[in-house]
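Listed below, chain by chain, are the residues.
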Amino acid sequence: MRSRLPATALLFKTVSLLGLLGLGACGLSQAQVPTRNIPVQQGWTLQPGSAIGGFEVMGGLGDISIDLGGGQIKAPFDGQLQPSDRDECLAFTSPEVPGYLFRLCGVTKPRLGDVKAGQVMGRSEVLQFAAMRRQPDGTWAIVEPATEILEKTLGQSSEDS
Amino acid sequence: MTHSHPQSDSHDQYSHYYPRENATNAYQDFAPRRRVAQPPARPSPGAPYPAAAGRAPRSLHSYPAASPPSQPGRRQPRVTRRANRRSPRKFLLAGGSMLALAALVVGPKPIVDRADQRTGEKAVCQETVQEKSVLSRAELSELLAIDERAPKADVQAVIAEPYCTLSPVEVREGVMAQREAYPLEFNPETWFVVLYEGEEYAGFDFRFSR
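Please read all numbers here as calculations on a predicted model, not as lab measurements.

S.K.: Go over the state of the cysteines with me, naming the residues and quoting the values.
M.R.: A disulfide bridge is the covalent bond that connects two cysteines by way of their sulfur atoms. For the structure shown, the criterion picks out 2 disulfides over all chains. Bridging Cys89(A) to Cys105(A), the disulfide has an S-S length of 2.1 Å. With the S-S bond torsion at 100 degrees, the cross-link from Cys89(A) to Cys105(A) turns out right-handed. Residue Cys89(A) is found in strand S5 (residues 89–93), and its partner Cys105(A) is found in strand S6 (residues 100–108); the two are separated by 16 residues along the sequence. One exposure class covers both Cys89(A) and Cys105(A), and it is buried. Each sulfur of the disulfide joining Cys125(B) and Cys164(B) lies 1.9 Å from the other. Handedness here is read from the sign of the S-S torsion; for Cys125(B) and Cys164(B), about -70 degrees, the answer is left-handed. With Cys125(B) in the loop between helix H6 (113–124) and strand S1 (127–128) and Cys164(B) in strand S2 (residues 164–172), this pair connects stretches of sequence that are 39 residues apart.

S.K.: Describe the environment of Leu46(A), listing the residues and the values that go with them.
M.R.: Residue and element names in this part refer to chain A. Structurally, Leu46 can be placed in the loop between helix H1 (4–29) and strand S1 (51–52). Counting along the chain gives 12 residues from Leu46 to Met58, while the straight-line C-alpha distance between them is 9.5 Å. Discounting chain neighbours no more than four positions away, the residues touching Leu46 are Ala51, Ile52, Val57, Gly60 and Leu61.

S.K.: Help me get a handle on the nonpolar core, residues and values and all.
M.R.: Phe92(A), Phe102(A), Leu104(A), Met121(A) and Phe129(A) are the most contacted members of the largest nonpolar core, which has 27 residues in total. When residues of this core are traced back to their parent elements, those giving at least two are strand S3 (64–74), S5, S6, strand S8 (120–134) and helix H2 (147–153) of chain A together with S2 of chain B. Among all residues touching Phe102(A), those that are not within four sequence positions of it are Phe77(A), Leu90(A), Ala91(A), Phe92(A), Val97(A), Phe129(A), Ala130(A), Ala131(A), Ile149(A) and Val171(B). Judged by nonpolar contacts, the second largest core, of 14 residues, contains Leu135(B), Val158(B), Ile159(B) and Tyr196(B).

What counts and how
- Residues numbered from 1 in each chain as written.
- Chains lettered and ligands numbered in written order.
- Predicted model: local features only at pLDDT ≥ 70, side-chain atom pairs only at ≥ 80, totals over all residues.
- Heavy atoms only, no water.
- Disulfide = S-S within 2.5 Å.
- Helix = DSSP H or I, 4+ residues; strand = E, 2+ residues; numbered from the N terminus.
- Buried < 20%, exposed > 50% of the residue type's maximum accessible area, 1.4 Å probe, protein only.
- Contact = heavy atoms within 4.5 Å.
- Core = buried A, V, L, I, M, F, W, Y, C linked by side-chain atoms within 4.5 Å.

Treat this as a map of the structure, not an account of what it does.
Quick look at the structure:
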């Protein structure tokens, strides 16, 4: 009895410490991902999130719309997925492609934060994909994305197609 | 937060543990803990066992001084005494193992620091160009001042050969992009990655190898 009591205390302390550490680790990994402002260089009136005649605009000029039918969206590179200033759109950036940002609208259940290349970032019925290139004034110009990037985002390597 | 409060508190609580002259010790905050960890082998009979005894933690006061052995009426079983005397050591052990665990969780990072550049290199580079190439603070601040879409030559006037190149990538339809990487001189696990499209500089980013 006398030898078991301190051992139990020790076990209890260790377990509670491990629990605490685990809790801390979870807290860190689920930390709030900062929202990204995406000022678009082309100041078009209608953009994703705008309203027209009481209806919501899903994609604007420069967005590639892809019917995914609830399919997965994967990270084309190691990078970060962030919420954007428009609720329905996300921003994906990667240090592997400096100077570029990919705007993804219409994504459900997004996995925000750091993502690895090929990792699922979310799902979508109809994905609105825009590739954006950084401008000297800090705005982002919508450009035509390479098909290779789109294929990677849809989870296919270029050899598949 | 000032220090006056916690100090006076701990002094109150543990005043019986250390002599008066220690009161001016700048490190007295730490003194009580050390004392608690190693209970006196033989409590001096003259030591005032204080008013604080009532509210002090059990582990501190369950050792023999609480019941002087010279009392004939109350028998204190030896077993309990030994167990009680050992319990602080158990707690020390528990504390130590927790510290070790914490060190294990926090520690590995600095230990593998040197290997970081090599792991970073594997993650970042496709082809090494110049192994000695690093980016100094001065070069970095000059680079940050260059606008996107400036001529590639502007960037290359600041930084010479890259440490390595990454595989060419097509981000924009019909335009091949070249990428080069430099480890930071003052933080080798962070890489400065720069992207060019033809003769145009497109932008930079930092890659952290974790």
